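Each chain is listed here by its residues.
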Amino acid sequence: MPNIPISIEAKEELVDLIAEIEKKYQFVLLRSPYELMGLNMVSELFPKIVKFKTDGYRQEYGKFVLPFDASDFVASHLLLCEKKKGGSLEPVLGFKSVTLEKCDQHRIHFPMLNMLDGEDLNIIYKLTIKSIIDKYRLSGAGNKIAYNGSFTISPKLRGDSELMKHLWDVTFSLLTNYYINYDIDHVVAICATKFKVDKKKELRGWNYIEGEHGILKPYVCKSFFDAPAVPMELTNIKIKGKACAEKFKSMWEDRLTLDADTLYDVKKAA
């Protein structure tokens, strides 16, 4: 299909919308909150993350869903936060990432395996993911593979269809800049097909994971209260993620980073 030219007015509206996003929101990276609970900013922000995820997931999966586990205490939380009066930050979009190395250090399960529970699930699924994990663990490269999950958008933003188009670009810019910056080579995830998250990821270089007998297809995911989900992975991130990383790159460069090395007051350059 030929490209449909965008009018000057539409371009100006797009520029204005992007500028408004950059003005109203900020990228925040909270790494391993378990190590930072003594800091007031973290002790205030982390419960907000839990509530934010709980509210978002309950709306879709019911009041008994638990969109967090032990790994949330040691994971990196990548957030888009609304800037509030007085300098406070309110999470409106976010997800977590945790490396195999971090899970092994704390002797907790790599979350990808926990997500592979379901009545119709073939054992090949777990064996396939376990083989990927074992390759990194045995080679001492557990810091090079990460699980990406618990993606959430505030219900109040979902109703704005025009804004949502750009929030997907915001999401993948945040995601790819993080993995490029922290030199992670391989990302695995369980994607809810109900919201076509898998299709959005496929357009941005993600692949469906192949098992012994072909691609691992959607299954009924117990953690998502029997909603369909599918395993996916992202590799060659520096190449595949380049275009995504460039969008909203300035927001990444101006992010607030909260970790044990920088405490809470250093904004790193990518």
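Computed from a prediction, not measured in an experiment: that's the story for all the values here.

So, how was this worked out
Residues numbered from 1 in each chain as written. Predicted model: local features only at pLDDT ≥ 70, side-chain atom pairs only at ≥ 80, totals over all residues. Heavy atoms only, no water. Helix = DSSP H or I, 4+ residues; strand = E, 2+ residues; numbered from the N terminus. Buried < 20%, exposed > 50% of the residue type's maximum accessible area, 1.4 Å probe, protein only. Pairing = 2+ DSSP bridges. Expected span 1.5 Å × (residues − 1). Phe/Tyr/Trp six-rings, centres within 6.5 Å; stacked < 30°, edge-to-face > 60°. Lys NZ or Arg CZ within 6 Å of the ring centre and 35° of its normal. Polar contact = N/O pair within 3.5 Å; in protein donor to acceptor, adjacent residues only side chain to side chain. Contact = heavy atoms within 4.5 Å. Disulfide = S-S within 2.5 Å.

Caption draft 1: Main features of unusual backbone geometry. For serine 150, which is not glycine, the phi torsion reads 50° and is therefore positive. Mapped onto the elements, serine 150 comes out in strand β4 (residues 145-153). Here phenylalanine 248, not a glycine, exhibits a phi torsion of approximately 60°, which is positive.

Caption draft 2: Expanded view of the pairing of strand β5 (residues 186-192). Counted residue by residue, β5 has seven buried out of seven residues, so it is predominantly covered. Side chains of β5 alternate between two faces, with His186, Val188, Ile190 and Ala192 and Val187, Ala189 and Cys191 buried alike. Pairing of β4 with β5 involves three bridges; the strand directions are parallel. Across the sheet, the residue bridging to tyrosine 147 is valine 188, located in β5. As paired elements, β5 and strand β10 (residues 227-234) share six bridges and run antiparallel to each other. Opposite isoleucine 190, over in β10, you have proline 231 as the bridge partner.

Caption draft 3: Seen up close, helix α5 (residues 123-138). With 16 residues, α5 extends 22 Å from end C-alpha to end C-alpha; this agrees with the ideal 22 Å at 1.5 Å per step. One or two steps after α5, the chain reaches glycine 140, where phi turns positive at roughly 70°.

Caption draft 4: Structural detail: the pairing of β10. Within β10, seven of the eight residues are buried, which leaves the element mostly enclosed by the surrounding structure. Direction of pairing for strand β6 (residues 207-208) relative to β10: antiparallel, over a ladder of two bridges. Its bridge partner being in β10, tyrosine 208 is matched across the sheet by methionine 232. Inspection of the sheet shows strand β9 (residues 219-221) paired to β10 by three bridges, in the antiparallel sense. Looking across to β10, one finds that cysteine 221 is bridged to alanine 227. Linking β9 to β10, which pair antiparallel, is a turn of five residues; within it phenylalanine 225 sits at a positive phi near 55°.

Caption draft 5: Expanded view of the packing of aromatic side chains. If you walk through the whole model with that rule in mind, you get twelve aromatic pairs. Look at phenylalanine 95 and phenylalanine 151: their rings are 6.5 Å apart centre to centre, the planes differ by 45°, and that puts the pair in the tilted class. With phenylalanine 95 in strand β3 (residues 89-99) and phenylalanine 151 in strand β4, this pair connects stretches of sequence that are 56 residues apart. Here tyrosine 178 and tyrosine 179 contribute two aromatic rings whose centre-to-centre distance is 5.2 Å and whose plane-to-plane angle is 70°, an arrangement assigned as edge-to-face. Judged by relative accessible area, which is 3%, tyrosine 178 ranks as buried. Through successive ring pairs, a cluster of aromatic residues spans Tyr57, Tyr61, Phe195 and Phe224. Here the guanidinium or amino end of lysine 194 rests over the ring plane of tyrosine 61, the centre of that ring lying 5.6 Å away.

Caption draft 6: Just the side chain of glutamate 82, in detail. Tracing the sequence through the fold places glutamate 82 in strand β2 (residues 76-83). Owing to a relative accessible area of 11%, glutamate 82 belongs among the buried residues under this scheme. Only 3.1 Å separates the side chain of glutamate 82 from the side chain of lysine 156, close enough to count as a polar contact. Among residues more than four places away in sequence, those in contact with glutamate 82 are Lys24, Tyr25, Ser88, Leu89, Glu90, Val92 and Lys156.

Caption draft 7: Looking closely at the state of the cysteines. In the structure shown here, the tally under the stated rule is zero disulfides. Not engaged in a disulfide, the cysteine cysteine 103 finds its nearest cysteine sulfur in cysteine 221; these two sulfurs lie 17 Å apart. Classification of cysteine 103 by relative accessible area gives buried; the value is 0%. We note that cysteine 244 lacks a disulfide partner, and the nearest cysteine sulfur, in cysteine 191, lies 14 Å from it.

Caption draft 8: Helix α2 (residues 40-61), seen in detail. For α2, spanning 22 residues, the distance from its first C-alpha to its last is 32 Å, which sits close to the expected 32 Å at 1.5 Å a residue. A positive backbone phi angle near 100° is found at glycine 62, which sits one or two residues after α2.

Caption draft 9: Quick look at the environment of cysteine 81. Tracing the backbone through its elements, the reader meets cysteine 81 in strand β2. We classify cysteine 81 as buried; its relative accessible area is 0%. C-alpha separation for the pair cysteine 81 and valine 28, spaced 53 residues apart in sequence, amounts to 6.8 Å.

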